[in-house]
Amino acid sequence: MNIFTALLEFFQEASKESFLQFWNAVPLRQPEFWHHFWENLWAGNGPMNLISYTFWVFLILCAFFYYLFPKKLKPLWLLICSYSFYLYDRSGLQMVTILVGTTAITYFSALAISKLKHIWARRAFLLLSVCTSGGLLFYYKYANFLSQLWADILGAVHISVSASVIDLPVVLGLSFFTFQSMGYVIDVYQNVIPAEKNPIYYALYVSFFPCITSGPIERANHLLPQLRKPAVFNYDKVAGGLYRILWGVFKKMVIAGNLDIFSKEVFTHLHKYNGGILALAALIFSYQLYLDFSGYCDIAVGAGKVLGFDLIENFNRPFAGRSYSQLWDRWHISLTTWFRDYIFTPLSFYNRGLSGVLGKLQGWFNVFIIFPISGLWHGDNMGYVVWGVLNGLFMVVGKATAKKRRQWAKTNILYRSRFLKALIQCSCVYLLFTICIVFFAASYYGQTASDGFYLFSHLFSNQGNSTLSSLVLVKLGFSPITLYAIGISALFVEIMEKIGRPEQVIRKLYFPFRWIIYYGLIFALLLFANFGASGFVYGNY
């Protein structure tokens, strides 16, 4: 019997029998309810999803006991929570040894580096930690890719070799915690920070659960001091963190999640659609990727604030950048600064002294090489490599032509209007980024680099019998109201983030306006969210 029907009959008859009927209909008393609840609470077939009630329960319990426990127990409690988060996937027991091993090797290597005086001994421990962390990353992400690449190269010269495929698990957050631990050891080696002697603080720094899945890639000199001084409960900070989480979920589920439906359909069936739809899908995916990843980072930063920590901000309105270098100064900030500090700066230091054309070429090479490495960091697919190479080329061209473009801008009639100047520059940056992102999208949706080239070669093609309206409204099932909601939501996000950080802006509003926004976001989520797209793009890396 339906619970609402039973409740109605109970009020009408108010008898013992009707009460028993109502009581028996309560879902909490049904074994099936609890079986379903437990299966969803610990699905065990993948990492904990940050857009799930499991994560909300986990975060609330973690924060509740964190503020309840005495100061000395707080770091240990957070470490237990972080490893519990990692072990939520039932196959995590097989992979946690990688996290523990990386933590132990980098911890003891940093201690040895801080105590040893001889330069070669210090370098030996630096190489040990970097090679171990980098080797694990290389093996688990690229072993099969290199095996297939080698087989393809030999096949090109008519030598038949079958690629050996190793069944390797996907290690949660591998790309992030290896970079985080390597950065720490390098900082200790360069005397930027002292070695952390407390193993609990360091293990928590490497495994801190809000940022282990998809970043941001934290720095030791930023997070470790916060871990050493556990936070006390601060209502404004916790409330701001909860709103930041809501903001990230809204960006991900209402805008990026719905855009994903369109992008996925087009990129997985490129041959079905004409050039106009292909171009639109490429343009949409650029914005979708930004909202998806920045939405995740909003949730991670918000979760950190709920626990009293300030994590690195990973995005700063990248498409407001007026040049390609400005875009990358605002996009995935924790990764780009990591490459800058640990690859670009050392290369520039060791290659200093060159002058003239050679000096310029060397400088441009140092800028360029970061991006193919970044492409490989994203995944074992040639599409990511092409994405990186194109980004590197655009960055180098931008650096090489910066002086000429500044001179040209002074005489450009259109640039006399500040609005037109900003619009033209931002549009050019967005288009260049989209050219690169086509290959990223092809790889993400399970295609190859050749599919990216196919898209560009068919931009002016009229093949395919689907019009944009039939694709969006009929095949994909979007209603006009949903399309308006996506557009208005995107405009709202841009306006609010132009003003400032979401949790800072909302706390400055008058009480009624603040709650109107709270309820408006929740209302939009209930009506327009695509809950089928709860996974994050960067959760794969």
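Anyway, here's the lowdown on the structure attached to this text. Computed from a predicted model, the values in this text were never measured in an experiment.

Examining the overall build of the chain
Right, so step 1: Along the chain, the regular secondary structure elements total 24 helices and 0 strands.
Right, so step 2: Put simply, 74% of the contacts in the chain that link residues at least 6 apart link residues at least 24 apart.
Right, so step 3: Carbon and sulfur atoms make up 67% of the accessible area of the chain, which totals about 27200 Å².

What to know about helix H4 (residues 53–68)
Right, so step 1: An ideal rise of 1.5 Å per residue puts 22 Å on 16 residues; H4 measures up with 22 Å between its terminal C-alpha atoms.
Right, so step 2: Of all the positions in H4, only Thr-54, Phe-55, Phe-58, Leu-59, Cys-62, Ala-63 and Tyr-66 are classed as buried. Projected down its long axis, H4 shows its buried positions confined to an angular sector of 150°, all on one face. In H4, the exposed residues that point more than 90 degrees away from the buried face are Ile-60, Phe-64 and Leu-68.

Focus: the packing of aromatic side chains
Right, so step 1: Tallied over the full model, the rule gives 59 aromatic pairs.
Right, so step 2: A ring pair is formed by Tyr-67 and Phe-233, whose centres lie 5.3 Å apart and whose planes are at 90°; its orientation type is edge-to-face. With Tyr-67 in helix H4 and Phe-233 in the loop between helix H11 (220–228) and helix H12 (235–267), this pair connects stretches of sequence that are 166 residues apart.
Right, so step 3: Using a relative accessible area of 51% as the deciding quantity, one classes Phe-233 as exposed.
Right, so step 4: When the ring of Tyr-290 is compared with that of Trp-331, the centres are 6.2 Å apart and the planes differ by 40°; the resulting orientation is tilted. On the criterion of sequence distance, the pair formed by Tyr-290 in helix H13 (residues 275–306) and Trp-331 in the loop between helix H14 (324–330) and helix H15 (333–350) is long-range, its members being 41 residues apart.
Right, so step 5: Overall, Tyr-290 belongs to the buried group, its relative accessible area being 3%.
Right, so step 6: We classify Trp-331 as buried; its relative accessible area is 1%.
Right, so step 7: It is Lys-74 that lies over the ring of Tyr-66; its NZ or CZ is 4.7 Å from the centre.
Right, so step 8: Directly above the ring of Trp-120 sits Arg-123, whose terminal nitrogen or CZ lies 4.9 Å from the centroid.

Examining the side chain of Ser-489
Right, so step 1: Looking at the secondary structure, you find Ser-489 in helix H22 (residues 480–499).
Right, so step 2: From its side chain, Ser-489 meets the backbone oxygen of Ala-485 in a polar contact 2.6 Å long.
Right, so step 3: Leaving out residues up to four positions away in the same chain, Ser-489 has contacts with Phe-250, Val-254 and Ile-255.

With respect to the pattern of salt bridges
Right, so step 1: With the rule as written, the count across this model stands at 14 salt bridges.
Right, so step 2: Between Glu-503 and Lys-305 there is a salt bridge; the shortest N-O distance is 3.9 Å. Separated by 198 residues along the polypeptide, Glu-503 in helix H23 (residues 502–508) and Lys-305 in helix H13 bring together distant segments of the chain.
Right, so step 3: Residue class for Glu-503 comes out buried when judged on its relative accessible area of 7%.
Right, so step 4: The closest approach of N and O atoms between Glu-313 and Arg-501, which form a salt bridge, is 3.4 Å. Here the residue Glu-313 occupies a position in the loop between H13 and H14, and Arg-501 occupies one in the loop between H22 and H23, the gap between them amounting to 188 residues.

Rules used in this analysis
Residues numbered from 1 in each chain as written. Predicted model: local features only at pLDDT ≥ 70, side-chain atom pairs only at ≥ 80, totals over all residues. Heavy atoms only, no water. Helix = DSSP H or I, 4+ residues; strand = E, 2+ residues; numbered from the N terminus. Contact = heavy atoms within 4.5 Å. Areas by Shrake-Rupley, 256 points an atom, 1.4 Å probe, with all protein chains shown as cover. Expected span 1.5 Å × (residues − 1). Buried < 20%, exposed > 50% of the residue type's maximum accessible area, 1.4 Å probe, protein only. Arc of directions from axis to C-beta. Phe/Tyr/Trp six-rings, centres within 6.5 Å; stacked < 30°, edge-to-face > 60°. Lys NZ or Arg CZ within 6 Å of the ring centre and 35° of its normal. Polar contact = N/O pair within 3.5 Å; in protein donor to acceptor, adjacent residues only side chain to side chain. Salt bridge = Lys/Arg side-chain N within 4 Å of Asp/Glu carboxyl O.

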